[in-house]
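One-letter residues, chain by chain:
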Amino acid sequence: MDIPVLDGNRPLIVSDVDEVALNFLDPFNAFLQKNGYELIPRSFKLTGNVVSIAGGNAAPSMTVSTLMDAFFAAQQKWQTPTIGVVESLARLSTVADIVFLSAMPPKYFAARRALLDEFGMHYPLVASESSKGELIRQIHADSEHPVILIDDMIYNLHSVKKHIPHSMAINFMANDTFRAMAPDPGEDVHLAANWTEVTRLILRHISA
Ligand SMILES: [Mg+2]
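Just so we're clear, the structure is a prediction, and the values are computed from it rather than from any experiment.

### What about the overall build of the protein chain?
Inference 1: Helices and strands together make up the secondary structure of the protein chain, namely nine helices and eight strands.
Inference 2: Against the compact-globule benchmark of 17 Å for 208 residues, the protein chain has a radius of gyration of 17 Å, which places it among compact chains.
Inference 3: Structurally, the protein chain occupies a C-alpha span of about 55 × 35 × 30 Å along its principal axes.
Inference 4: Each of the 208 residues in the protein chain was classed as buried or not, and the buried ones make up 38%.
Inference 5: Counting contacts in the protein chain only where the partners sit at least 6 residues apart, residues at least 24 apart contribute 64% of the total.

In structure tokens form, the structure reads like this:
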């Protein structure tokens, strides 16, 4: 996997993909239902909440992984952009470099690249399961310019704050039901309910 190293002359915005740029939970649930399972929003996790429609039993974690793999392989048939993301990133790209950083297994890179391109989101994509903070430090090449991560997973936001103390961390998750069950990210992390708020927070931060 090639990591794009940017010239560091502009702010860098790193956007997560699943639940941030692309809807994940709703299309994943639709995919599950087609395969005899469904996602029940009982707590902020997948394993334990993916249940068999026939018996009501929670699918074991191996089964959840297999279902997620099949979903990522077929993502072009299922996933769609989150509300406002295409317009927001187009606006933000006039003042900052944009990179997608997805924790999805790298073998689905081509499917994801094609899906993002289909919606006009031609920004560089990194698919990696390693620590996001360390990766972003490499991409940003230790630049003094602002660096912002938008992610639904708090451990990723804390990872970027740890590796780049001057970074800005924004917690955004498209799915309202699961977002309401998410743990408190702590005072270092900004919360946004939609891409309008994400954009406003970033523009204010960059121009400060
Ligand atoms: Mg995500």
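Moving on from the coordinates now.
### Looking at the domain arrangement of the protein chain
Inference 1: Assigned domains of the protein chain: these are domain 1 (12-23 + 80-207) and domain 2 (25-78).
Inference 2: The gap between the C-alpha centroids of domain 1 and domain 2 is 24 Å.
Inference 3: Contact with domain 1, which involves 16 residues of that partner, is made by ten residues of domain 2.
Inference 4: Of all the elements in the fold, those that place two or more residues in the side of domain 1 that touches domain 2 are α5 (109-118) and α8 (176-179).
Inference 5: The dominant element in the side of domain 1 that touches domain 2, judged by the number of residues it contributes, is α5, at four residues.
Inference 6: Considering only residue class, the side of domain 1 that touches domain 2 consists of ten nonpolar, four polar and two charged.

### With respect to unusual backbone geometry
Among all residues save glycine, negative phi is the norm, and among peptide bonds the norm is trans.
Inference 1: In this model, E19 sits at a positive phi of 75 degrees, which is unusual for a non-glycine residue.
Inference 2: Phi at D142 is positive, roughly 55 degrees, even though this residue is not glycine.
Inference 3: Its 9 C-beta neighbours within 10 Å are what place D142 among the exposed residues.

### Concerning the sheet that holds strand β1 (residues 12-15)
Inference 1: With parallel pairing, six strands are arranged side by side in an open sheet as β5-β4-β1-β6-β7-β8. Strands at the two margins of the open sheet, each flanked by one partner only, are β5 (125-127) and β8 (189-191). In this sheet, adjacent strand axes meet at a mean angle of 25 degrees when their direction is disregarded.

### Considerations on the packing of helix α6 (residues 132-140) against helix α7 (residues 154-163)
Helix packing geometry: the angle between the two helix axes and the distance between the axes.
Inference 1: Packing of α6 against α7 brings their axes to within 7 Å, and their N-to-C directions diverge by 50 degrees. On the basis of their axis angle, the class for α6 and α7 is oblique. Viewed along their axes, α6 and α7 form a crossing whose handedness is right-handed. Across the interface between the two elements, K132, G133, E134, I136 and R137 of α6 pack against N156, S159, V160, K162 and H163 of α7.
Inference 2: Classifying every residue of the contact of α6 with α7 by side-chain character gives two nonpolar, four polar and four charged.

### Things to note about the packing of helix α4 (residues 85-92) against helix α9 (residues 195-207)
Inference 1: Between α4 and α9, the least distance of the axes is 9 Å, while the angle of their chain directions is 15 degrees. Comparing the axis directions of α4 and α9 gives the class roughly parallel. Judged by the sense of rotation from one axis to the other, the crossing of α4 with α9 is right-handed. Counted together, V85, S88, R91 and L92 of α4 and W195, V198, T199 and I202 of α9 form the full contact between these two elements.
Inference 2: Considered class by class, the residues forming the contact of α4 with α9 number five nonpolar, two polar and one charged.

### Overview of the pairing of strand β4 (residues 97-102)
Inference 1: Most of β4 is tucked away, with six of its six residues classed as buried.
Inference 2: Covered by surrounding structure in β4 are D97, V99 and L101 together with I98, F100 and S102, the residues of both alternating faces.
Inference 3: Two strands pair when backbone bridges link them, and β1 and β4 are joined in this way by four bridges, in the parallel orientation. Across the sheet, I13 pairs through a bridge with I98, a residue of β4.
Inference 4: The sheet contact formed by β4 and β5 spans three bridges and is parallel.

About the cut-offs
- Here the residue numbering is sequential within each chain, running from 1 through the sequence in written order.
- The model is predicted, so local features are restricted to residues of pLDDT at least 70 and side-chain atom pairs to those at 80 or more, both for listing and for counting; the totals for chains, interfaces and linings are taken over all residues.
- Runs of E in the DSSP output that reach at least two residues are strands. Runs of H or I that reach at least four are helices, and both are numbered from the N terminus.
- Each radius of gyration is computed over the set of C-alpha atoms, and the globule rule expresses the reference value as 2.2 Å times the number of residues to the power 0.38.
- Exposure classes come from backbone-placed C-beta atoms, where a residue is buried if 20 or more other C-beta atoms lie within 10 Å of its own, exposed if 12 or fewer do, and partly exposed in between.
- By the convention adopted here, residues are in contact when the distance between their C-beta atoms, placed from the backbone, does not exceed 7 Å.
- Residue ranges labeled as domains rest on an automatic or database domain assignment.
- For this classification, the nonpolar set comprises Ala, Val, Leu, Ile, Met, Phe, Trp, Tyr, Cys and Pro, the charged set comprises Asp, Glu, Lys and Arg, and every other residue, Gly included, is treated as polar.
- Whether two strands pair depends on DSSP finding at least two bridges between them.
- Here an axis means a line fitted to C-alpha atoms, over the contact stretch when the element is a helix, while the angle between two N-to-C directions is reported on a 0 to 180 degree scale.
- Roughly parallel covers angles under 35 degrees, roughly antiparallel covers those over 145, roughly perpendicular covers 65 to 115, and oblique covers all other angles.
- Here a crossing is called left-handed whenever its near helix is offset anticlockwise from the far helix by less than a right angle, and right-handed whenever the offset is clockwise.

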